[in-house]
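# Observations on chain architecture
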Amino acid sequence: MSFIKKRQKNTDEEIEKKLDTDNIPKHVAIIMDGNGRWAKKRGFIRTLGHRAGMEAVRRIVKASSEIGIKYLTLYAFSTENWKRPVDEVNGLMDLLIEYLGREVNELNENNVKLNFIGDLSMIPEKCRIKIKESEELTKNNTGLTLNIALNYGGRSEIVRAFKRIGISLLSGEIDLNDIDENIIADNLYTSGQPDPDLIIRPSGELRISNFMLWQSAYSELWFSDVLWPDFEKKHLLQAIFDYQKRNRRFGGI
């Protein structure tokens, strides 16, 4: 086992040495997928898959901070995930409370700023209390900003933005001709943050599943067959290495 860990470490180091430190993506977003399938393959209940996925979160947040990513957005729970069995949803909310309780002090010590995006009004009160405490504790940190997308959907985010803009329009705060891409971006959950440079989806699925629809207009996409609980630092490094080989033209030549 120690030999395997040593080889893993060397692999991470080898990939990291290849990276262009001047071209680290500022914002990486990850669609965390595959917890249920990971559990099923092992004959476990789905909740154990989500618990294993929580450990992957810990690894990737640490790795992102180490290599200089400024914003990391993790798709934790979508607006569609309420369709899942009640026991599974409740288990996910309990895991969130456990994660924050266990990790928030270490995140704070490592200068990580926690930021939750999505419609939190539907989230259980005990979760909202913990979320508010965690955001308050870390609000002045200047290192990695960790966005956790909770009860988040890209379409509902855009609808919310349009409603907010409509209120400003009706109140006379803005004029119809003032509405442009910047106004829309300013009314999204990610206001003030750069759009994702790189969106990663593990688990073999080849879609973005209603995730950051506005912000992903020019994001680079990277897909992997690795299930989220098995996602390691080496996979993140490989995604960034592949990203750095691409030519981002943004519609130009």
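Summarised in this report is the structure supplied together with it. Residues take numbers from 1 onward in each chain, read along the sequence in its written order. Thresholds applied to this predicted model are a pLDDT of at least 70 for local features of residues and 80 or more for the giving and counting of side-chain atom pairs; totals over whole chains, interfaces and linings are not thresholded and use all residues. Only hydrogens and water are removed before side-chain values are computed, so all heavy atoms of the structure are retained for them.

### Remarks on the layout of surface pockets
- Taken as a whole, the largest pocket spans an internal volume of roughly 710 Å³.
- Cavity: a set of points on a 1 Å grid over the protein atoms alone where a 1.4 Å probe fits but cannot get out. Pocket: an open set with protein on both sides within 12 Å along at least five of seven lines, its lining residues, like those of a cavity, having an atom within 4 Å of a point. As for the largest pocket, its lining consists of 30 residues, and the residues nearest its centre are M32, N35, Y75, A76 and F77.
- Put simply, the parts of the chain that give the lining of the largest pocket at least two residues each are α2 (35-41), α3 (46-67), β2 (71-78), α4 (86-109) and β4 (145-152).
- Among the residues forming the lining of the largest pocket, the class breakdown is 16 nonpolar, 8 polar and 6 charged. Grid points are joined across faces, edges and corners, and a volume is the space filled by probe spheres set on the points. Each helix corresponds to a stretch of at least 4 residues labelled H or I by DSSP, and each strand to a stretch of at least 2 residues labelled E; elements are numbered beginning at the N terminus. In this classification, Asp, Glu, Lys and Arg are treated as charged, Ala, Val, Leu, Ile, Met, Phe, Trp, Tyr, Cys and Pro as nonpolar, and every other residue, Gly included, as polar.

### Re the sheet that holds strand β6 (residues 220-223)
- The parallel open sheet is built from 6 strands, whose spatial order is β3-β4-β2-β1-β5-β6. Each end of this open sheet is capped by a strand with a single partner; those strands are β3 (113-117) and β6. Neighbour-to-neighbour, the strand axes of the sheet open up by a mean angle of 20 degrees, direction not taken into account.
- The criterion for strand pairing is that DSSP finds at least two bridges linking the strands in question. Where strand β5 (residues 198-201) meets β6, 4 bridges bridge the pair, whose relative direction is parallel. In the sheet register, L198 faces β6, and the bridge partner there is E220.
- Residues are treated as being in contact if the distance between any of their heavy atoms lies within 4.5 Å. With axes taken as lines fitted to C-alpha atoms, and helix axes fitted only over the stretch in contact, angles between N-to-C directions fall between 0 and 180 degrees. The sheet contacts of α3 involve β1 (27-31), β2 and β4, and relative to β2 the element is tilted by about 160 degrees.

### Observations regarding the nonpolar core
- The term nonpolar core refers to a set of buried residues drawn from Ala, Val, Leu, Ile, Met, Phe, Trp, Tyr and Cys, joined through side-chain atoms within 4.5 Å. Relative accessibility thresholds used throughout: buried, under 20% of the residue-type maximum; exposed, over 50%; partly exposed, between the two (1.4 Å probe, protein chains only). With 47 residues, the main nonpolar core has I30, V61, L72, L146, I200 and L236 as its most contacted residues.
- Per-element tally for this core: the top contributor is α4, with 9 residues.
- The contacts of L146, once residues within four sequence positions are left out, are V61, L72, L74, Y99, V112, K113, L114 and N115.
- Core analysis: the second largest hydrophobic core is formed by 10 residues, Y75, I117, F211 and M212 among them.

### A short note on a nonpolar patch on the surface
- Residues enter patches when they are more than 30% accessible in relative terms and free of salt bridges; like-charged ones are connected within 9 Å and nonpolar ones (Val, Leu, Ile, Met, Phe, Trp, Tyr) within 5 Å. In this description, accessible areas are obtained by the Shrake-Rupley approach with a 1.4 Å probe, and a residue is regarded as covered only by the protein chains that are shown. One speaks of a salt bridge when a side-chain nitrogen belonging to Lys or Arg is within 4 Å of a carboxyl oxygen belonging to Asp or Glu. Residues F44, I45 and L48 make up a contiguous nonpolar surface patch of roughly 280 Å² in combined accessible area.
- Assignment of secondary structure puts L48 in helix α3.
- Residue classification places L48 among the partly exposed positions, given a relative accessible area of 38%.

### Notes on the packing of aromatic side chains
- Aromatic pairs are defined between Phe, Tyr and Trp rings, using the six-membered ring for Trp, whenever the two ring centres lie within 6.5 Å; interplanar angles under 30 degrees are classed as stacked, those over 60 as edge-to-face, and all others as tilted. Summed over the entire model, instances satisfying the criterion amount to 7 aromatic pairs.
- Arranged with centres 6.1 Å apart and planes meeting at 55 degrees, the rings of W38 and F44 form a pair that is tilted.
- The exposure class assigned to W38 is buried, which follows from its relative accessible area of 12%.
- Residues Y75 and Y152 carry aromatic rings whose centres are separated by 5.8 Å and whose planes lie at 85 degrees to one another, so their mutual orientation is edge-to-face. With a gap of 77 residues between them, Y75 in strand β2 and Y152 in strand β4 connect regions that are remote in the sequence.
- The ring of F241 carries the charged tip of K18 above its face, separated from the ring centre by 5.5 Å. Here, a charge over a ring is recorded when the distance from Lys NZ or Arg CZ to the ring centre is within 6 Å and its angle to the ring normal is within 35 degrees.

### Observations concerning empty space enclosed by the protein
- One pass over the structure, following the stated rule, counts 1 cavity of 30 Å³ or more.
- Here the largest cavity is characterised by a volume of approximately 30 Å³.
- For the largest cavity, the full set of lining residues is I31, I199, R201, R207, I208, L221, W222 and F223.
- For the lining of the largest cavity, the secondary-structure elements that each account for two or more residues are β5 and β6.
- Across the lining of the largest cavity, the residue classes break down as 6 nonpolar, no polar and 2 charged.

### Details of the pairing of β4
- The buried fraction of β4 amounts to 8 of the 8 residues, a majority that puts the element mostly inside the structure.
- Where β2 lies against β4, 7 bridges are found, and the strand directions are parallel. Its bridge partner lying in β4, T73 is registered against N147.
- Relative to β4, β3 runs parallel, the two sharing 5 bridges. Bridging across to β4, F116 finds its partner in I148.
- For the segment spanning β3, helix α5 (residues 125-138) and β4, crossover handedness is left-handed. A crossover counts as right-handed when, viewed with the strands pointing away from the observer, the path leading from the first strand over the helix to the second turns clockwise.

Geometry only, nothing functional implied.
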